[in-house]
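Residue-level listing of the chains:
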Amino acid sequence: MAQISPSRRVRRTPFSDGVEAQGVKAYTVYNHMLLPTVFDDVVTDYHHLKRHVQVWDVSCERQVSIQGPDARKLMDMLSPRDMARMAQDQCYYVPVIDRQGKMLNDPVSLCVGPDHYWVSVADGDFWQYACGVVDALGLDVVVEEPDVSPLGIQGPKSDDLMARVFGDVVHEIKFFRYKRLAFEGVNFVVARSGYSKQGGFEIYVEGTENGMPLWDALFAAGEDLNVRAGCPNLIERIEGGLLSFGNDINRENTPFEAGLGKFCNASADYLGKQALEAQSDPHRMIRPIAIEGDIPGCDRAWPIFADGQQVGQVTSAARSPDFNTNVAIGMVANTHWDAGTKLEVETQVGIRAAQVQPSYWI
Ligand code: THG
């Protein structure tokens, strides 16, 4: 592949210097910002993530700050998830839909103060949509992207590493909850969350100048834990069924098709409510799929065939060392989505046998 041309438009992060010093091998661009994708190689990165602890520059999970008297009203309008019972220290995975009930984003949102939310967005231009809704509805709220950059600490030794830097209080943070913890006198939101199934935290680092000191402190504290720089790992996130917006789901899909129906529980009005309710019984849905044989990288949708017709598409796939098969995520028609159903997947190098799985691998 060709290289990414550096420019101001493809934004660096507060941790880019550290990432490069640790030998990042590949980047993708996410929310107009650099996101590392490989350090050693994807398989070595995978094994390390499952055994040790990694520090991830996920600054590209930008925060869209929604603040003002109508902040809750805007959050209610943007998402089908009921925000009423969201606690002050809680993180919510929230589908965001358009007027047709189709997905625009799948962010994590946090209530960070009275009348104040952060929306930790997936790849897309959520803030522009939010600004449009604010203007159209005449809401009293400020939408902006503050200088906040999430740093992921992921892997089985995350608790050990975090306790060394932030104290034993980190053990008390529950899944999808956060505490404000100090590093060198500056408070950061620290949540037990992250884009892996290995356990871990996300530190929402406020202030670019605080980035490298924290990065360096984590590496100094974790030397004997075998800490190293890492990034969301393609194999591990498919094994765990973590969806990638733009890959597995996009503007053609409803949250129900994405398997996010349980997050569509608001009774109050929201944009796209009528359209979404009319599509609550989907004809296709996201499924875990195992594929046999050798496969190339999945850089396009692979059509799925059965009984002589197309019944879906695979959108993410990779060889799994631990499960000794190719793990995949795809969208499958209701006629063929039951576990055990045999399928054929057309990759760019040929057709492969495949089977719908009863559940994700981890
Ligand atoms: N962390 C933060 N922001 C993010 C992501 C993140 N923004 C972009 C992207 N990732 C958004 N997409 C996801 C997808 C899955 C999860 C979080 C964000 C996730 N899902 C858990 C699961 O499926 O097991 C738990 C969901 C739940 O039960 O609420 O964590 O990773 N800050």
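Just so we're clear, the structure is a prediction, and the values are computed from it rather than from any experiment.

Novice: So, the pattern of salt bridges: which residues are in play, and what are the values?
Specialist: The full count for this structure, using the stated rule, is 17 salt bridges. When the shortest N-O distance is used, the salt bridge between Glu145 and Arg11 registers 2.8 Å. Highlighted residues: Glu145 in the loop between strand S10 (142-144) and strand S11 (148-154) and Arg11 in the segment before helix H1 (16-21), separated in sequence by 134 residues. By relative accessible area, which is 31% here, Glu145 ends up partly exposed. The exposure class assigned to Arg11 is partly exposed, which follows from its relative accessible area of 25%. Between Arg72 and Asp76 there is a salt bridge, with the nearest N and O atoms lying 3.0 Å from each other. With Arg72 and Asp76 both in helix H3 (residues 71-78), this residue pair falls four residues apart, about one helical turn. Since its relative accessible area comes to 31%, Arg72 is described here as partly exposed. A network of salt bridges, in which partner residues are shared, links Arg11, Arg62 and Glu145.

Novice: Give a detailed account of the packing of helix H5 (residues 158-166) against helix H6 (residues 211-221), specifying residues and quantitative values.
Specialist: As a packed pair, H5 and H6 sit with axes 9 Å apart at the nearest point and diverge in direction by 120°. One finds that H5 runs oblique with respect to H6. In the crossing of H5 with H6, the sense of the turn from one axis to the other is right-handed. In contact with Leu161, Met162, Arg164, Val165 and Phe166 of H5, H6 contributes Leu214, Ala217, Leu218 and Ala221. For the contact of H5 with H6, the class distribution of residues is eight nonpolar, no polar and one charged.

Novice: Could you give me a rundown of the pairing of strand S18 (residues 309-320), with the residues and numbers involved?
Specialist: Along any regular strand the residues' side chains alternate between the sheet's two faces. Direction of pairing for strand S17 (residues 302-306) relative to S18: antiparallel, over a ladder of five bridges. Its bridge partner being in S18, Phe305 is matched across the sheet by Gln310. With antiparallel pairing between neighbouring strands as the criterion, S17 and S18 make up a hairpin whose turn holds two residues, including Asp307 at a positive phi of roughly 50°. Sheet topology note: the S18/strand S19 (residues 325-333) ladder contains eight bridges and is antiparallel.

Novice: Which residues make up the nonpolar core, and what values go with them?
Specialist: Most often, soluble globular proteins have nonpolar side chains that are buried together. Counting 31 residues, the largest nonpolar core has Met103, Leu243, Ile249, Ala258, Leu260, Leu276 and Ile286 as the members making the most contacts within it. Looking at this core, the elements that each hand over two or more residues are strand S2 (33-38), helix H2 (42-51), helix H7 (234-239), strand S16 (284-291) and S19. By residue number, the principal contributor to this core is S19, which donates three residues. If we skip the residues at most four places from it in the chain, Ala258 touches Met103, Leu243, Ile249 and Ile286. Core analysis: the second largest hydrophobic core is formed by 30 residues, Val55, Met162, Phe166 and Ala229 among them.

Novice: Pulling in residues and values, what's your account of the layout of surface pockets?
Specialist: Looking at the second largest pocket, its volume works out to about 300 Å³. Taken together, 20 residues line the second largest pocket, and the ones lying closest to its centre are Asn247, Asn250, Ala301, Gln313 and Thr315. Looking at the lining of the second largest pocket, the elements with two or more residues in it are S18 and S19. Here the lining of the second largest pocket takes five residues from S18, the largest share from any one element. Within the lining of the second largest pocket, the residues separate by chemical class into seven nonpolar, eight polar and five charged.

Reading the values: rules and limits
Residues numbered from 1 in each chain as written. Predicted model: local features only at pLDDT ≥ 70, side-chain atom pairs only at ≥ 80, totals over all residues. Heavy atoms only, no water. Salt bridge = Lys/Arg side-chain N within 4 Å of Asp/Glu carboxyl O. Helix = DSSP H or I, 4+ residues; strand = E, 2+ residues; numbered from the N terminus. Buried < 20%, exposed > 50% of the residue type's maximum accessible area, 1.4 Å probe, protein only. Axes fitted to C-alpha atoms, helices over the stretch in contact; angles between N-to-C directions. Parallel < 35°, antiparallel > 145°, perpendicular 65-115°, else oblique. Left-handed = near helix turned anticlockwise from the far one by under 90°. Contact = heavy atoms within 4.5 Å. Nonpolar A, V, L, I, M, F, W, Y, C, P; charged D, E, K, R; others polar. Pairing = 2+ DSSP bridges. Core = buried A, V, L, I, M, F, W, Y, C linked by side-chain atoms within 4.5 Å. 1 Å grid on protein atoms, 1.4 Å probe; cavity = no way out; pocket = protein on both sides within 12 Å on 5 of 7 lines; lining within 4 Å. Points joined across faces, edges and corners; volume = space filled by probe spheres on them.

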